[in-house]
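Each chain, written out:
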There are 2 protein chains.
Amino acid sequence: MKPVKFTIEKKLDGKLGRVGILETPHGKILTPSFVAVGTKGTVKSLTPELIKEAKTQVVLANTYHLYLQPGDEIVRDAGGLGKFMNWDGPTMTDSGGYQVFSLGVAYGKDMSKVLKVTDPSLMIPERFDDSDAPRLAKIGNDGVSFKSHLDGSLHYITPEKSIEIQHNLGADMIFAFDECTSPVEDERYQTEALDRTHAWAKRCLDYHKSKPNAETQALFGIVQGGRVEELRRKSAEIIGAMDFDGFGIGGSFAKEDMSTAVKWVNEVLPEEKPRHLLGIGEPEDLFMGVENGVDLFDCVTPTRLGRNGTIYTKSGKIHIENLEFRKDFSPIEADCECNTCKHYTRAYISHLFRGKEMLAGTLASTHNLYFLNKLVADMRQAILDGTFQELKEQFLAKYSPSKDS
Amino acid sequence: MKPVKFTIEKKLDGKLGRVGILETPHGKILTPSFVAVGTKGTVKSLTPELIKEAKTQVVLANTYHLYLQPGDEIVRDAGGLGKFMNWDGPTMTDSGGYQVFSLGVAYGKDMSKVLKVTDPSLMIPERFDDSDAPRLAKIGNDGVSFKSHLDGSLHYITPEKSIEIQHNLGADMIFAFDECTSPVEDERYQTEALDRTHAWAKRCLDYHKSKPNAETQALFGIVQGGRVEELRRKSAEIIGAMDFDGFGIGGSFAKEDMSTAVKWVNEVLPEEKPRHLLGIGEPEDLFMGVENGVDLFDCVTPTRLGRNGTIYTKSGKIHIENLEFRKDFSPIEADCECNTCKHYTRAYISHLFRGKEMLAGTLASTHNLYFLNKLVADMRQAILDGTFQELKEQFLAKYSPSKDS
């Protein structure tokens with residue numbers, strides 16, 4: 001018995017895109033779907049009721065954070081991630097491997113290397129909904145050692161350990177432990193890291209299959225390979241050939257060639273299994289991903305931007321603290337059906353931000369999360385209706401990705 | 001037509017206490033009732049849905065804060081306080097006069113005086129749900145001048161101006177502008193300040209009655225007089241004789257003689273009008289107040305303590321970050337019907353506080369607010385049932401006010 005079942009309902013003509021239903025132990029996910037990030041077992045500033053009202057179907061928590069605090073055994077003893085955080089829908093955890101990238105270091109190298117990532121065209125996936133990051137991570141072929149950002153304690157995570165932690169956390173969908181390389185690494189290092197990711201993927205799968213959890217938790221393998229076509233295709237072949245329940249597409253991309261990289265991978269991956277583009281979620285990227293066969297996305301932007309007062313609208317992002325909104329008694333968007341737009345004005349939300357009130361982040365995050373969930377749901381419907389291209393053109397004609405005042 | 005109607009349902013045998021119904025333009029309040037403080041037009045960390053789920057009947061906002069930010073005219077243009085903050089139940093605003101006390105200064109004196117209030121037995125009413133306070137306030141017989149804590153701008157508030165602001169804010173119940181003296185002032189100053197408060201009360205009432213708002217907003221006069229019996233009784237006589245819709249009892253008290261002061265006042269005030277004890281709300285004080293004829297209480301403690309991880313239980317306050325709660329998978333209180341206790345464990349709330357997550361304050365504040373609302377509702381029922389004394393004895397036998405780890 002497989003823990004998840006994926007059914008493709010309809011494909012996008014002439015493209016890799018598709019609409020599907022992903023059945024999990026905690027309910028169905030209509031795909032494509034946006035996944036809300038709940039780093040420490042809470043989607044920042046939102047109650048589960050608000051997460052659900054924002055039409056969220058699935059929540060992803062970060063293994064690295066929950067392992068350190070409160071500890072994966074506490075989450076296990078609480079009945080698993082969903083029960084712990086009072087979220088009765090589907091859940092995911094990442095593998096913790098992302099911290100390798102968030103440092104950009106390899107064995108024997110130091111953190112300074114990550115500071116070289118200054119090219120603004122490089123997409124850095126956003127998979128932690130805060131600035132916490134481990135310190136002094138060192139990568140070996142067997143695993144990664146790092147110091148906790150909380151107390152400096154030393155930890156060592158192997159592929160098996162990552163899966164063991166994720167078994168304790170108990171999410172419906174979990175990820176293989178991978179190395180997400182820094183885009184500034186040279187090709188020799190990229191190749192070496194990719195071999196390591198593939199070897200780790202196999203170890204994760206073997207360990208997972210040896211446990212009863214394989215019946216209730218789906219394991220997704222992660223494709224890496226940076227921006228190099230040969231590496232991406234090779235990784236998709238190797239990972240795609242393993243008996244995973246689904247796949248993650250990891251790594252960093254330049255904005256302009258992300259679609260190419262996603263296409264390379266999805267042309268190779270087995271069609272019948274779900275695909276998750278990790279840490280990507282700006283509106284324009286969601287169109288790109290859906291068109292190119294991505295089923296799931298997660299990103300911290302709706303909540304992180306929301307807490308800073310930056311709010312999605314159909315014409316681009318607005319900053320709600322701007323003077324123009326002080327006396328604006330209209331909702332963020334007149335035709336938006338989110339809880340925030342139904343009940344609150346721009347003037348009120350602007351006031352809450354000026355007053356540094358906690359409800360400010362709650363109302364802005366609710367709208368942002370709904371905005372992305374609704375956008376992906378609209379894409380889904382458009383594929384079913386055969387109008388995806390029109391939706392994409394209409395949306396992108398109005399939406400200005402750079403309008404972030 | 002009076003804006004509010006107060007009906008006494010039953011009296012407490014041999015005491016001043018009573019149970020009543022206060023009808024307002026936005027619904028009925030069953031009294032005695034606890035009033036949630038929403039300083040800047042938001043009860044900190046709670047959505048209106050959560051405020052309501054915590055059985056809150058009425059919300060009080062602070063005139064001083066809303067006058068400065070966003071400005072009372074913006075709240076007026078938004079449709080008034082309730083509409084602005086999406087709270088459809090009854091609302092109150094205080095008069096802004098409390099800032100005088102929060103400084104403890106009188107005309108020509110400076111702020112240093114307030115620093116002398118170090119006697120822990122002195123109850124300092126808690127009517128701002130944050131540490132914002134005006135600077136350099138100066139009291140004259142005509143009004144108070146002060147500098148905004150936000151931008152240093154100079155403001156001058158007279159009794160008429162306070163009412164004008166409160167008319168703009170549009171709450172169902174508003175308060176006369178008073179001077180709440182520092183407990184360290186001498187009796188000569190107290191007498192002088194009390195005369196001023198009485199003169200201001202009359203000016204507030206005259207101004208209020210001259211406006212159509214008197215039809216829709218109830219004006220409560222405030223009794224002052226510190227800890228001096230003669231002054232308290234005199235103030236209750238003078239204020240009680242004026243045509244107010246209800247009364248506030250203001251000022252600072254020593255914990256041990258607060259009940260005496262409240263009794264002095266309520267023996268004198270006209271029985272048929274509602275009475276609000278300003279800024280007081282610890283469980284033991286609620287019993288005292290209800291027994292001595294108080295109908296309404298407001299206090300920031302449920303939300304302020306909640307944000308700091310201090311949570312009410314029937315045996316006293318607990319600090320949820322303590323190590324003992326890390327693996328405690330029971331709710332805060334097993335028999336509590338609040339949204340937090342129905343869905344979350346001590347372990348999870350403890351985790352959220354350790355992780356500095358915003359949801360931490362939300363869950364703790366929800367429980368604390370419910371705890372006080374429920375406690376006052378229980379007192380109400382006990383008076384109806386003739387069992388108030390038993391309830392009080394049972395509760396206070398278990399509840400340790402000092403247990404605040």
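Residues numbered from 1 in each chain as written. Chains lettered and ligands numbered in written order. Predicted model: local features only at pLDDT ≥ 70, side-chain atom pairs only at ≥ 80, totals over all residues.

Quick notes on the relation of the copies chain A and chain B
Note that the two copies of the chain are related through a rotation about an axis and a translation along the same axis. Which entries qualify depends on this criterion: Least-squares superposition aligns the copies on the C-alpha atoms of those residues with pLDDT at or above 70 in both. A residue pair is marked as a contact if its C-beta atoms, positioned from the backbone, fall within 7 Å.
It takes a turn of 180° to lay chain A on chain B, together with a shift of 0.0 Å along the axis; the resulting RMSD is 0.0 Å. In short, the pair behaves as if placed about a two-fold rotation axis. Measuring from the rotation axis to each C-alpha of chain A, the shortest distance belongs to Met 358 of chain A, at 3.7 Å. Both copies contact each other with a shared surface, as 97% of the interface residues of chain A are interface residues in chain B too.

Some details on the nonpolar core
Put simply, the rule is: A set of buried Ala, Val, Leu, Ile, Met, Phe, Trp, Tyr and Cys residues, joined through C-beta atoms within 7 Å, is what we mean by a nonpolar core. Residue burial here comes from a neighbour count, namely the number of other C-beta atoms, placed from the backbone, that lie within 10 Å of the residue's own C-beta, with 20 or more meaning buried, 12 or fewer meaning exposed, and in between meaning partly exposed.
Ala 176 of chain A together with Ala 176 of chain B are the most contacted members of the largest nonpolar core, which totals 204 residues. Leaving out residues up to four positions away in the same chain, Ala 176 of chain A has contacts with Ser 95, Trp 200, Ala 201, Cys 204, Leu 205, Leu 219, Phe 220, Gly 221 and Ile 222 of chain A.

Structural notes on the interface of chain A and chain B
To keep it simple, the criterion reads: In this classification, Asp, Glu, Lys and Arg are treated as charged, Ala, Val, Leu, Ile, Met, Phe, Trp, Tyr, Cys and Pro as nonpolar, and every other residue, Gly included, as polar.
Counting residues at the interface gives 31 residues for chain A and 30 residues for chain B. The class makeup of the residues in the side of chain A that touches chain B is 12 nonpolar, 12 polar and seven charged.

Regarding the sheet that holds strand S4 (residues 33-37) of chain B
Residue and element names in this part refer to chain B. Keep this limit in mind: DSSP calls a pair of strands paired once it identifies at least 2 bridges connecting them. For helices the rule is a DSSP run of H or I covering at least 4 residues; for strands it is a run of E covering at least 2, with both sets numbered from the N terminus onward. Note on method: axes are straight lines fitted to C-alpha atoms, helices fitted across the in-contact stretch only, with angles between N-to-C directions ranging 0 to 180 degrees.
Within the closed barrel, the eight strands sit side by side as S4-S5-S6-S11-S12-S13-S15-S16. Their pairing is parallel. On average, each strand axis in the sheet is tilted by 30° relative to the strand beside it, whichever way the strands run. Summarising the sheet, strand S13 (residues 246-249) and strand S15 (residues 275-277) pair through three bridges and their orientation is parallel. Residue pairing across strands places Phe 247 opposite Arg 275, the latter belonging to S15.

Brief notes about the domain arrangement of chain A
Residues and elements named next belong to chain A. Selection criterion: Domain segmentation is taken from an automatic or database assignment of domains.
The domains assigned to chain A are domain 1 (34-261) and domain 2 (317-404). In this complex, domain 1 contributes 10 residues to the contact, which on the side of domain 2 involves 14 residues. Looking at the side of domain 1 that touches domain 2, the elements with two or more residues in it are strand S4 (33-37) and helix H1 (48-53). Of the residues contributing to the side of domain 1 that touches domain 2, the split by class is five nonpolar, two polar and three charged.

Some points on the pairing of strand S9 (residues 144-147) of chain A
Residues and elements named next belong to chain A. What you see with S9 is a clean split: Val 144 and Phe 146 sit on the buried side and Ser 145 and Lys 147 on the side with no burial. Where S9 and strand S10 (residues 154-157) come together, four bridges link them in antiparallel fashion. Paired with Ser 145 across the bridge in S10 is Tyr 156. The turn joining S9 and S10, which pair antiparallel and follow one another in sequence, is formed by six residues; a positive phi near 75° is taken by Gly 152.

Re the packing of helix H7 (residues 187-209) of chain A against helix H8 (residues 229-241) of chain A
Residues and elements named next belong to chain A. Quick note on the threshold: The cut-offs work like this: below 35 degrees is roughly parallel, past 145 is roughly antiparallel, 65 to 115 is roughly perpendicular, and the gaps in between are oblique.
Contact pair H7 / H8: the axes reach a minimum separation of 11 Å and the direction vectors enclose 10°. Relative to H8, the element H7 is oriented roughly parallel. Between H7 and H8, the contacting residues are Gln 190, Thr 191, Leu 194, His 198 and Ala 201 on the first element and Leu 231, Ser 235, Ile 238 and Ile 239 on the second. Its residues assigned to classes, the contact of H7 with H8 comprises five nonpolar, four polar and no charged.

Concerning the sheet that holds strand S1 (residues 5-11) of chain B
Sheet strands line up and pair through hydrogen bonds in the backbone, either parallel or antiparallel. Residues and elements named next belong to chain B. Pairing is antiparallel in the open sheet, where three strands are placed in the order S1-S2-S3. The sheet terminates laterally at S1 and strand S3 (27-31), the two strands that pair on one side only. Neighbour-to-neighbour, the strand axes of the sheet open up by a mean angle of 15°, direction not taken into account. In this structure, S1 lies alongside strand S2 (residues 18-24), joined through six bridges in antiparallel fashion. Paired with Thr 7 across the two strands is Ile 21, which belongs to S2. Sheet strands in contact with helix H14 (residues 358-385) are S1, S2 and S3, and its direction is about 120° off that of S2.

Digging into the packing of helix H6 (residues 159-169) of chain A against H7 of chain A
Residue and element names in this part refer to chain A. Operational definition: A crossing counts as left-handed when the near helix is turned anticlockwise from the far one by less than a right angle, and as right-handed when that turn is clockwise.
Relative to each other, H6 and H7 sit at 45°, their axes nearing to 8 Å. Classed by the angle they form, the pair H6 and H7 counts as oblique. Relative to H7, H6 is oriented so that their crossing is right-handed. For the pair formed by H6 and H7, the contact residues are Pro 159, Glu 160, Ser 162 and Ile 163 on the first element and Trp 200, Arg 203, Cys 204, Tyr 207 and His 208 on the second.

Regarding the environment of Phe 34 of chain A
Residue and element names in this part refer to chain A. Summarising the element assignment, Phe 34 is placed in strand S4. Look at Phe 34 and you get buried, because 25 C-beta atoms sit within 10 Å. For the pair formed by Phe 34 and Thr 303, sequence separation is 269 residues and the distance between their alpha carbons is 13 Å. Beyond its immediate stretch of four places on either side in the chain, Phe 34 contacts Gly 281, Phe 297, Leu 372, Asn 373 and Val 376.

What to know about the confidence of the model for chain A
Operational definition: Every residue carries a pLDDT, the predictor's confidence in it, which falls somewhere between 0 and 100.
Here chain A shows a mean pLDDT of 90. Residues at 70 or above account for 89%. Contacts for the low-pLDDT stretch residues 103-120 of chain A, under 50 throughout, to residues beyond four places or in other chains number 29 contacts.

Some remarks on unusual backbone geometry
It is generally the case that most residues other than glycine have a negative phi and that most peptide bonds are trans. Residues and elements named next belong to chain B. With an omega of 0°, the peptide bond running from Thr 31 to Pro 32 counts as cis. With respect to the secondary-structure elements, Pro 32 resides in the loop between S3 and S4. Geometrically, the link from Gln 69 to Pro 70 is a cis peptide bond, its omega value of 10° lying close to zero. With respect to the helices, strands and loops of the structure, Pro 70 is situated in the loop between helix H2 (63-68) and helix H3 (72-77).

Some points on the environment of Thr 63 of chain A
Residue and element names in this part refer to chain A. With respect to the secondary-structure elements, Thr 63 resides in helix H2 (residues 63-68). Overall, Thr 63 belongs to the buried group, with 29 C-beta atoms counted inside 10 Å. The spacing of Thr 63 and Asp 94 is 31 residues in sequence and 5.8 Å in space, taken between C-alpha atoms. What Thr 63 contacts, discounting residues up to four positions off in sequence, is Thr 93, Asp 94, Ser 95, Gly 96, Ser 162, Ile 165, Gln 166 and Leu 169.

Considerations on the pairing of S3 of chain B
Residues and elements named next belong to chain B. In this structure, S2 lies alongside S3, joined through five bridges in antiparallel fashion. Residue Glu 23 lies in a different strand from S3, and its bridge partner there is Lys 28. Connecting S2 to the antiparallel partner S3 that follows it, the hairpin turn spans two residues.

A word on the environment of Gly 17 of chain B
Tracing the backbone shows Gly 17 of chain B in the loop between S1 and S2. Along the primary structure Gly 17 of chain B and Lys 55 of chain B are separated by 38 residues, whereas in three dimensions their C-alpha atoms are 22 Å apart.

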